[in-house]
Amino acid sequence: IGSSNVLCMLHLSRARAAERAHGFAADFCQRLGLDGRAMDALEELAPPGQAYVLRTFCAPGRDASGALRRQVRHLKALAPEKLPWAGCLE
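Since we're looking at a predicted model, the values are computed, not measured.

**Q** Which residues make up the overall build of the protein, and what values do they have?
**A** Counting its regular elements, the protein contains 4 helices and 0 strands. When the elements of the protein are put in sequence order from the N terminus, they spell out α-α-α-α. When each of the 90 residues of the protein is scored for burial, the buried share is 30%. Pairs at least 24 apart in sequence give 57% of the contacts found in the protein among residues at least 6 apart. In the structure as shown, the protein presents an accessible area of about 6200 Å², 55% of it carried by carbon and sulfur atoms.

**Q** Summarise unusual backbone geometry; cite the residues concerned and give the values.
**A** Even without glycine at this site, Asp63 takes up a positive phi of about 50°. By the secondary structure assignment, Asp63 is in the loop between helix 3 (47–56) and helix 4 (64–77). Judged by relative accessible area, Asp63 falls into the partly exposed class, the value being 46%.

**Q** Now, about the packing of aromatic side chains: what can you tell me, with residues and values included?
**A** The way to describe two aromatic rings as a pair is by their centre distance and the angle between their planes. Tallied over the full model, the rule gives 2 aromatic pairs. Ring geometry for Phe28 against Phe57: centres 6.3 Å apart, planes inclined by 70°, an arrangement best described as edge-to-face. Remark: Phe57 occurs in the loop between helix 3 and helix 4 and Phe28 occurs in helix 1 (residues 3–32); sequence separation between them is 29 residues. The same class applies to Phe28 and to Phe57, which are both buried. Pairing Tyr52 with Trp85 gives two aromatic rings, centres 5.7 Å apart and planes at 45°, and the pair type is tilted.

**Q** How would you summarise the nonpolar core if you had to cite specific residues and measurements?
**A** Ranked by internal contacts, the top residues of the largest apolar core, which has 18 residues, are Phe28, Leu34, Leu42, Val53 and Leu68. At the level of elements, helix 1, helix 2 (36–42) and helix 4 are the ones that each hand at least two residues to this core. Considering every element that reaches this core, the biggest residue donor is helix 4, with 5 residues. In contact with Phe28, not counting residues within four places along its chain, are Leu34, Leu42, Val53, Leu54, Phe57 and Leu68.

**Q** Run through helix 4, naming residues and quoting values.
**A** Over its 14 residues, helix 4 extends 20 Å from the first C-alpha to the last, a length consistent with the 20 Å expected when each residue adds 1.5 Å. Regarding helix 4, the residues found buried are Ala64, Ser65, Gly66, Ala67, Leu68, Arg69, Gln71, Val72 and Leu75.

Reading the values: the criteria
- Residues numbered from 1 in each chain as written.
- Predicted model: local features only at pLDDT ≥ 70, side-chain atom pairs only at ≥ 80, totals over all residues.
- Heavy atoms only, no water.
- Helix = DSSP H or I, 4+ residues; strand = E, 2+ residues; numbered from the N terminus.
- Buried < 20%, exposed > 50% of the residue type's maximum accessible area, 1.4 Å probe, protein only.
- Contact = heavy atoms within 4.5 Å.
- Areas by Shrake-Rupley, 256 points an atom, 1.4 Å probe, with all protein chains shown as cover.
- Phe/Tyr/Trp six-rings, centres within 6.5 Å; stacked < 30°, edge-to-face > 60°.
- Core = buried A, V, L, I, M, F, W, Y, C linked by side-chain atoms within 4.5 Å.
- Expected span 1.5 Å × (residues − 1).

See the structure below:
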């Protein structure tokens, strides 16, 4: 297999992972009644970050959309090596 074929397969794999992450994020936001701004914030994270938020987010009784945006903002402010999913492959 040539290097260009490997890179092409890697690109396709990442594109499919991003599509799956979008679907999971959309379903998650719909189930919790989160607004479009929360969805946009969630999609600012790479797929491993989105998966982390989907596993760990506990929606409060009030302003769940705001709480998710704050969690994403907090995660984005961390140094790359401090991210909870730092050791995960994309």
